[in-house]
Amino acid sequence: MKYCRFLLDNQIRYGAVDDRDGELWITGPAPIPEDDLACRLARAQSGQGESGFDPMPLSKADLLPPVTPSKIVCVGRNYRDHVRELGNEMPAEPLLFFKPPSSLLAPGGVVRLPGASSRVDFEGELALVIGRRVRNLKPGMNLRDIIRGCTLADDVSARDLQKKDGQWTRAKGFDTFCPVGPIVSDELDLEAGLNIETSVNGEVRQHASTLDFIFPIPTLLSAITAAFTLEPGDLILTGTPSGVGPLVPGDRVEVSISGLGRLTHIVMPEIV
Ligand code: MG
């Protein structure tokens, strides 16, 4: 199924999403995932069950990030052509880092360029949503058993601070630096590979297949869960293809994969 998370009448809602003549629509309530504790608590305290609502186009909804992760695990340098474009060494094993949950940004939101950086890049990425608690996964796992679904993300990165700091926490972790959404889908065939495209102001800047990953998804999950227990709702950003570049105020970024809709955000200066 496909679903989104959105605000309606000041309540967090989950909606089932369907394709109607090429446009995504929210057609009715969807189950609340176990990890969205705030939503579950609010529903329990209200003493009311899940109420219905009229179908609406996804584009008209007040969308929220479709995930409530305890952590966001990211993979650096997972496409050969991106490793080359930044002049880095090919990694011998998956290179992992975190973004904080405070960096999450709703679809259609505003990425704020921090005054501390003079170069902030977009990085369109396929993201995976974890469906159950897992650790020490071994190769040969059944991905459908572990992954709740796929979504889109922009791993927004302050490239100058990434170099200057010597590690990536600040460069990758500013507020608004993780736009994610608009939907989660379990209907895509990850093994067959997905075509991902990122455009800025309507011009295509990144275009690749996830078949070009240096480390495929089972290898990533083995490496990640050898280090950390993954919880339901955790988000994995799988790396970006070549074509990254700097953003300036007023830019409009769009990341897309067929079947996942389009993740958009705009770019504005920091509010001081
Ligand atoms: Mg990245």
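Residues numbered from 1 in each chain as written. Predicted model: local features only at pLDDT ≥ 70, side-chain atom pairs only at ≥ 80, totals over all residues. Heavy atoms only, no water.

Draft legend 1. Fine view of the domain arrangement of the chain. Entries for the chain in the domain assignment read domain 1 (2–63) and domain 2 (72–269). Between the C-alpha centres of domain 1 and domain 2 the distance comes to 25 Å. Listed as interface residues are 10 residues of domain 1 and, on the opposing side, 13 residues of domain 2. Taken together, both faces of the contact between domain 1 and domain 2 bury some 930 Å²; the carbon and sulfur share is 57%. Summed over the three residues of domain 1 that lose the most area to domain 2, namely Lys2, Tyr3 and Leu63, the buried surface amounts to 59% of that side. The interface formed by domain 1 and domain 2 contains 2 salt bridges. The salt bridge involving Asp35 is made with Arg148; its shortest N-O contact spans 2.7 Å. Our count for the contact surface shared by domain 1 and domain 2 stands at 3 residue pairs in polar contact (both at pLDDT 80 or more). (Domains from an automatic or database assignment. Contact = heavy atoms within 4.5 Å. Buried area = accessible area lost by both parts, 1.4 Å probe. Salt bridge = Lys/Arg side-chain N within 4 Å of Asp/Glu carboxyl O. Polar contact = N/O pair within 3.5 Å; in protein donor to acceptor, adjacent residues only side chain to side chain.)

Draft legend 2. Region of the structure containing a negative patch on the surface. The grouping of Asp18, Asp19, Asp21 and Glu23 at the surface amounts to a negative patch. Relative to the elements of secondary structure, Glu23 occurs in strand 3 (residues 23–29). (Patch = residues over 30% accessible without salt bridge, like charges linked within 9 Å, V, L, I, M, F, W, Y side chains within 5 Å. Areas by Shrake-Rupley, 256 points an atom, 1.4 Å probe, with all protein chains shown as cover. Lys, Arg positive; Asp, Glu negative; His and termini not counted. Charge placed at Lys NZ, Arg CZ, Asp CG, Glu CD. Helix = DSSP H or I, 4+ residues; strand = E, 2+ residues; numbered from the N terminus.)

Draft legend 3. Structural detail: the layout of surface pockets. Taken as a whole, the largest pocket encloses approximately 410 Å³ of empty space. Taken together, the elements giving at least two residues each to the lining of the largest pocket come down to strand 3, strand 19 (252–257) and strand 20 (262–269). Counting residues per element, the lining of the largest pocket draws most heavily on strand 20, which supplies 3 residues. Of the residues assigned to the lining of the largest pocket, the class counts are 8 nonpolar, 6 polar and 6 charged. (1 Å grid on protein atoms, 1.4 Å probe; cavity = no way out; pocket = protein on both sides within 12 Å on 5 of 7 lines; lining within 4 Å. Points joined across faces, edges and corners; volume = space filled by probe spheres on them. Nonpolar A, V, L, I, M, F, W, Y, C, P; charged D, E, K, R; others polar.)

Draft legend 4. Structural detail: the packing of aromatic side chains. Summed over the entire model, instances satisfying the criterion amount to 6 aromatic pairs. Ring geometry for Phe174 against Phe177: centres 5.2 Å apart, planes inclined by 55°, an arrangement best described as tilted. For the pair Phe174 and Phe177, a shared accessibility class is recorded, and that class is buried. The ring of Trp25 carries Arg20 above its face, with NZ or CZ at 4.9 Å from the centroid. (Phe/Tyr/Trp six-rings, centres within 6.5 Å; stacked < 30°, edge-to-face > 60°. Buried < 20%, exposed > 50% of the residue type's maximum accessible area, 1.4 Å probe, protein only. Lys NZ or Arg CZ within 6 Å of the ring centre and 35° of its normal.)

Draft legend 5. Geometry of the sheet that holds strand 20. One open sheet accounts for 5 strands, arranged 9-20-19-15-16; its pairing is mixed. Strand pairing shows two members of the sheet lacking a second neighbour, strand 9 (110–113) and strand 16 (203–209), which therefore form its edges. Between one strand axis and the next, the sheet turns by 20° as a mean value, whatever way the strands run. As defined by bridge partners, strand 19 adjoins strand 20 across 5 bridges and the pair is classed as antiparallel. Bridge pairing in strand 20 links Arg252 to Ile266. (Pairing = 2+ DSSP bridges. Axes fitted to C-alpha atoms, helices over the stretch in contact; angles between N-to-C directions.)

Draft legend 6. Layout of the coordination of the magnesium ion. The magnesium ion binds to the protein through Glu123 (OE), Glu125 (OE) and Asp155 (OD); the donor distances cover 2.0 to 2.1 Å. One chain supplies every donor to the magnesium ion, and in sequence these donors are spaced E-x1-E-x29-D. Taken together, the residues Glu125 in strand 11 (residues 124–130) and Asp155 in the loop between strand 12 (147–154) and strand 13 (157–158) connect sequence positions 30 residues apart. For Glu125, a relative accessible area of 0% translates into the label buried. For Asp155, a relative accessible area of 1% translates into the label buried. (Donors = N, O, S within 2.8 Å, 3.2 Å for Na, K, Ca; no water.)

Draft legend 7. Looking closely at unusual backbone geometry. Geometrically, the link from Gly181 to Pro182 is a cis peptide bond, its omega value of 0° lying close to zero. Here Pro182 lies in strand 14 (residues 178–185). Despite not being glycine, Asp21 shows a phi value in the positive range, around 55°. Among the residues examined, Asp21 registers a relative accessible area of 85% and is labelled exposed. Its identity as a non-glycine residue notwithstanding, Arg77 has a phi of 55°, on the positive side. Relative to the elements of secondary structure, Arg77 occurs in the loop between strand 6 (72–76) and helix 2 (80–85). You can call Arg77 partly exposed: its relative accessible area is 24%.

Draft legend 8. Expanded view of the side chain of Thr240. Mapped onto the elements, Thr240 comes out in the loop between strand 17 (235–237) and strand 18 (245–246). On the basis of relative accessible area, Thr240 is assigned to the buried category, the value being 2%. A distance of 2.9 Å separates the side chain of Thr240 from the backbone oxygen of Gly124, its partner in a polar contact. Side-chain polar atoms of Thr240 contact the side chain of Gln206, separated by 2.9 Å.

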